[in-house]
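Here is what each chain is made of, one letter per residue.
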Amino acid sequence: MTKAKVYFSDMRTRYGGLSLPQKLGKLIEAAGIGDIDFQNKFAAIKIHFGEPGNLSFLRPNYAKVVVDAISDRGGRPFLTDCNTLYVGRRKHALEHITAAYENGFSPFSTGCHVIIADGLKGTDEEYVAVPNGELVQEAKVGKALMDADIVISLSHFKGHEATGFGGAIKNIGMGGGSRAGKMEMHHDGKPHISERKCIGCGACARICAHGAPIIENKKAHIDLDKCVGCGRCIGACPMDAVKPPADGSSMEALNKKMAEYAWAILNGRPHFHISLIVDVSPYCDCHAENDAPVVPNIGMLASFDPVALDQACADLVNAAPVMANSLLDDHLKADPAGCEGHDHFHNLTPESEWKTCLAHAEKLGLGTREYELVTVK
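Residues numbered from 1 in each chain as written. Predicted model: local features only at pLDDT ≥ 70, side-chain atom pairs only at ≥ 80, totals over all residues. Heavy atoms only, no water.

Looking at this structure, I do not really get the sheet that holds strand β16 (residues 371-375). What am I missing?
The 8 strands lie next to each other as β4-β3-β2-β7-β14-β15-β1-β16, forming an open sheet whose pairing is mixed. With partners counted over all chains shown, the strands left at the sheet margins are β4 (114-116) and β16, one partner each. Averaged over all pairs of adjacent strands, the angle between their axes in this sheet comes to 25°, without regard to strand direction. Here strand β3 (residues 76-81) runs beside β4; their pairing, made up of 3 bridges, is parallel. Each residue of the ladder has a partner; that of leucine 79, found in β4, is valine 114. Each of β2 (42-46), β3, β7 (150-156) and β14 (271-277) is contacted by helix α6 (residues 168-176), which is oriented at about 115° to β7, the strand it contacts most. (Pairing = 2+ DSSP bridges. Helix = DSSP H or I, 4+ residues; strand = E, 2+ residues; numbered from the N terminus. Axes fitted to C-alpha atoms, helices over the stretch in contact; angles between N-to-C directions. Contact = heavy atoms within 4.5 Å.)

Right, dumping it as structure tokens:
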């Protein structure tokens, strides 16, 4: 298989030289973003806006570079993400947009609008076929993301407590799933209702196409024989009383499903991917806090191939020295024998199966793990 080209620029700047945003602009130009026909086309820039309180998410200055590159070519860019499955500041569109604005992602700072792809309550979704999907036949994807003509991912590459790391595939696959889609990736089974939180409003029953939620004595319960596990009731509930299944997917299944979602979203459309290995926190930007970086800042990367991009980022992080007084340093000191081998992601979360995601994505046809790193000065 032909190696994919992954373009790289470090984080060094010289006095009187290019700024980091200018270096990012030069990088994506070299990587070929200009080869995409953006004229009069809607371009979704899939990004993570950061849970308020977290400070490791990408600065909006980087998003503006990508927005400007698209706008200059006649495109119609917008920043987007889908609502979260868990309860937080990004579980519905109103709070999600407010969180994005608080973290600096406003039309005034980035030059484009924020659109929450799966709508007000996380139920505005499109069912998308997964070609050759092993675990998912139809992905539940945020509608605005599927309405876009072009998909650009702008990812903060960092650790993750379940998938080992979060890069381009996770940004698109997990991030592009509606609330029901996220449930499908994270869990096997059907939701249940917390009677303590339920107020018997019937919102779950009204949105269900199968008549599974039943209201009795001003409380709802789910008829599991009728429930198909779509998870739409999770987004509809105003009290967060509808909960995902207690048992999660295995880490291997989670990574495979994530790859299949990314494949469903990208298949058949122009796409381009950018990852920044900066502020490499051990856990996801979904947390309302962030721990110290586990490795030094490394650089910016871009490619048309998300699999090669993730593999290159993983290789660069694993080759990097461990930051003192970080969580990774704690793990290495606490269990030197158990942390043998230079796999920082395994050493952070031994149960993660990050290699499974890349292997499955390659098998599906999303890209290749073989790459050539091209340095942009």
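It is not clear to me how the packing of aromatic side chains should be interpreted in this structure. Could you clarify?
Any pair of aromatic rings gets described here by the distance separating the centres and the angle formed by the planes. This structure, assessed with the given rule, holds 8 aromatic pairs. With a centroid separation of 6.1 Å and 50° between ring planes, the pair formed by phenylalanine 57 and phenylalanine 105 is classed as tilted. Taken as a pair, phenylalanine 57 in the loop between β2 and α2 (60-71) and phenylalanine 105 in the loop between α3 (93-102) and α4 (107-110) lie far apart in primary sequence, 48 residues in all. Through a chain of ring-to-ring contacts, the aromatic side chains of Phe157, Phe165, Phe345 and Trp354 assemble into a single cluster. The positively charged end of arginine 76 is found above the aromatic ring belonging to phenylalanine 42, 5.5 Å away from the centroid. (Phe/Tyr/Trp six-rings, centres within 6.5 Å; stacked < 30°, edge-to-face > 60°. Lys NZ or Arg CZ within 6 Å of the ring centre and 35° of its normal.)

I tried to follow the nonpolar core on my own but got confused; where do I start?
The tendency in soluble globular proteins is for nonpolar side chains to be buried side by side. The biggest cluster of nonpolar side chains holds 58 residues, and the ones touching the most others in it are Val141, Phe157, Ile169, Ile277, Leu301 and Leu366. Looking at this core element by element, the count peaks at 9 residues for helix α10 (residues 251-266). Ignoring any residue separated from it by four or fewer positions in sequence, one finds leucine 366 in contact with Ile169, Ala259, Ala262, Trp263, Leu266, Asp305, Pro306, Val307 and Ala361. Ile36, Val67, Phe105 and Val278 belong to the second largest nonpolar core, which has 39 residues in total. (Core = buried A, V, L, I, M, F, W, Y, C linked by side-chain atoms within 4.5 Å. Buried < 20%, exposed > 50% of the residue type's maximum accessible area, 1.4 Å probe, protein only.)

Mind showing me how you'd approach the environment of phenylalanine 272 here?
Tracing the sequence through the fold places phenylalanine 272 in strand β14. Here phenylalanine 272 falls in the buried class, since its relative accessible area comes to 0%. Note: C-alpha distance between phenylalanine 272 and proline 306 (34 residues apart in sequence) is 7.8 Å. If sequence neighbours within four positions are ignored, phenylalanine 272 has contacts with Ile28, Ala31, Gly32, Ile33, Ile36, Val151, Ile152, Ser153, Ala302, Ser303 and Phe304.

Looking at this model, I keep getting lost on the pairing of strand β15 (residues 299-303). Mind explaining?
Each regular strand displays side chains that alternate between the two surfaces of the sheet. Burial of β15 is extensive: 5 of the 5 residues sit out of reach of the surface. Both faces of β15 are covered, namely the face carrying Gly299, Leu301 and Ser303 and the face carrying Met300 and Ala302. Across 5 bridges, β14 lies against β15 in antiparallel orientation. Along β15, the bridge assignment pairs isoleucine 277 with glycine 299.

Where do I start with α6 in this structure?
Helical geometry: 3.6 residues make up each α-helical turn, so side chains three or four residues apart lie on a common side. For α6, a buried count of 9 out of 9 residues is recorded, marking the element as mostly surrounded by other parts of the structure. All of the buried residues in α6 are Ala168, Ile169, Lys170, Asn171, Ile172, Gly173, Met174, Gly175 and Gly176.

Would you mind showing me how to read α10 here?
With 16 residues, α10 should cover 22 Å at 1.5 Å per step; its first-to-last C-alpha distance of 23 Å lies within 8% of that length. Buried residues dominate α10, accounting for 13 of its 16 residues. Count one or two residues on from α10 and you reach glycine 268, which has phi positive near 85°. (Expected span 1.5 Å × (residues − 1).)

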